[in-house]
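Fold and contact review
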Amino acid sequence: MDKIMAQLEGLIAHYEELQEMMADPEVINDTKRYMEISKEEADLREVVEKYKKFKADKQEIADNKEMMASESDPDLIEMAKAENTELEQEIVALEDQIKLLMLPKDPNDDKDIIMEIRGAAGGDEASLFAADLLRMYEKYAEQQNWQVSVVDSEPTEVGGYKRIAIMINGNKVYSKLKYENGAHRVQRIPVTESQGRVHTSTATVAVMPEYEQVDFEIDPKDLRVDVYRSSGAGGQHINKTSSAVRMTHLPTGIAVAMQDQRSQQQNREKALQILTSRVYDYYESQNRDQYDAKRKDAVGTGDRSERIRTYNYPQNRVTDHRIGLTINKLDRVMNGEMDEIIDALILYNQTKQLEELADQNG
């Protein structure tokens, strides 16, 4: 904890500098710079306040001990002892909170996301399960006051999805849904099953932070853009009614087709937004092996093929294989009540980070 305290002293000095800068007329007149400094100040505020409270408590304990050494009134001594007992308990709680706040932040945690759900092994049943996962995430998003919009979809004849991409906007979306990356397995009796046998199917979920151009920009020279009629299946039919867009990133071959928006310009903007996140995700995955080797105990690897969770309908059971969590509330989870699972994943990840921090601090 001593090393963390030393870091916090530097943090307080930096925090005070940021507050001074925010009062500087030059900074105030530079909107972009002011916004950047304001965000950094807001990010540091909680840990600074808790550390100041920690220091104040420590000082109060020292003052009480000094008073007790020179005081002869037994009632006052007893009061000071009782107060110190409370302060010491508060200090322990503050230490734990400060440690969590000092953990390295995922720079993407505040971002909105693009989520892609695909029916995988299991044919029609896999596509129906993909639709069930979509509804689960939509209901969870509703409970979090997030906004969900469909940006691209490939429905199946049975009412499921071969593939669907959605955008979720709101407060700290990526921080809660980043653990959903991977293969989700369902065990249930399909509607098409006449013998009543339980089948196993899978759907994959990919969660990508929505990147702004300032984070990552695609070189226009690396793009090929084809336009076609929204009602058609594709091809280049360049005329007044061509509003659908297919955008291809030539170095990776990643393509996005967009026809859900009203105009070609809107489809172009949306296609570039989705493509940027997919291409960035692709490049990030190139470094994942090295990242995973360093953090092999972290929750999941983000690998689409990694089976992360099983949804067992006959037993109303959900199991997250990464942390060994099993809860018998499948019906409620599928209704969007995912907090118990997500909170457990966050806690597991934080615990691992705290263990690493303890090892580093010796």
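In what follows, the structure referred to is the one given above.
From a predicted model like this one, the values you see are computed outputs, not experimental measurements. (Residues numbered from 1 in each chain as written. Predicted model: local features only at pLDDT ≥ 70, side-chain atom pairs only at ≥ 80, totals over all residues. Heavy atoms only, no water.)

Secondary structure summary: the chain contains ten helices and eleven strands in total. Classification of the 362 residues of the chain by burial places 41% in the buried group. Residue pairs in contact within the chain that sit at least 24 positions apart in sequence constitute 61% of those at least 6 positions apart. (Helix = DSSP H or I, 4+ residues; strand = E, 2+ residues; numbered from the N terminus. Buried < 20%, exposed > 50% of the residue type's maximum accessible area, 1.4 Å probe, protein only. Contact = heavy atoms within 4.5 Å.)

Turning our attention to helix 5 (residues 123-143). An ideal rise of 1.5 Å per residue puts 30 Å on 21 residues; helix 5 measures up with 31 Å between its terminal C-alpha atoms. Backbone geometry just after helix 5 places Asn 145 at a positive phi near 60°. (Expected span 1.5 Å × (residues − 1).)

One finds Met 115, Ile 117, Leu 133, Tyr 137, Leu 177 and Tyr 311 to be the most contacted residues of the largest nonpolar core, which totals 35 residues. Elements supplying a minimum of two residues to this core: strand 1 (113-119), helix 5, strand 3 (161-169), helix 6 (173-177), strand 5 (199-209), helix 9 (330-333) and helix 10 (339-360). Residue contributions to this core peak at nine residues, all from helix 5. Sequence-distant contacts of Ile 117, defined by excluding residues within four places in its chain, comprise Ala 130, Leu 133, Leu 134, Tyr 137, Lys 162, Arg 163, Ile 164, Thr 204 and Val 205. Formed by 23 residues, the second largest nonpolar core is a distinct cluster that contains Val 47, Val 48, Phe 54 and Ile 61. (Core = buried A, V, L, I, M, F, W, Y, C linked by side-chain atoms within 4.5 Å.)

Another point: the sheet that holds strand 7 (residues 244-249). Ordered by their spatial adjacency, three strands build an open sheet running 6-7-8, and the pairing between neighbours is antiparallel. Taken across any chain shown, the strands that pair with only one partner, and hence form the sheet edges, are strand 6 (223-228) and strand 8 (254-258). Strand-to-strand twist of the sheet, defined as the mean angle between neighbouring strand axes without regard to direction, takes the value 15°. Sheet topology note: the strand 6/strand 7 ladder contains six bridges and is antiparallel. Directly across from Val 225, in strand 7, lies its bridge partner Met 247. (Pairing = 2+ DSSP bridges. Axes fitted to C-alpha atoms, helices over the stretch in contact; angles between N-to-C directions.)

Moving on to unusual backbone geometry. The backbone of Asn 145 shows a phi angle near 60°, a positive value even though the residue is not glycine. Relative to the elements of secondary structure, Asn 145 occurs in the loop between helix 5 and strand 2 (147-155). The class for Asn 145 is exposed, based on a relative accessible area of 65%. The backbone of Lys 172 sits at a positive phi, close to 50°, despite the residue not being glycine. Considering the arrangement of structural elements, one finds Lys 172 in the loop between strand 3 and helix 6. The exposure class of Lys 172 is partly exposed, given its relative accessible area of 40%.

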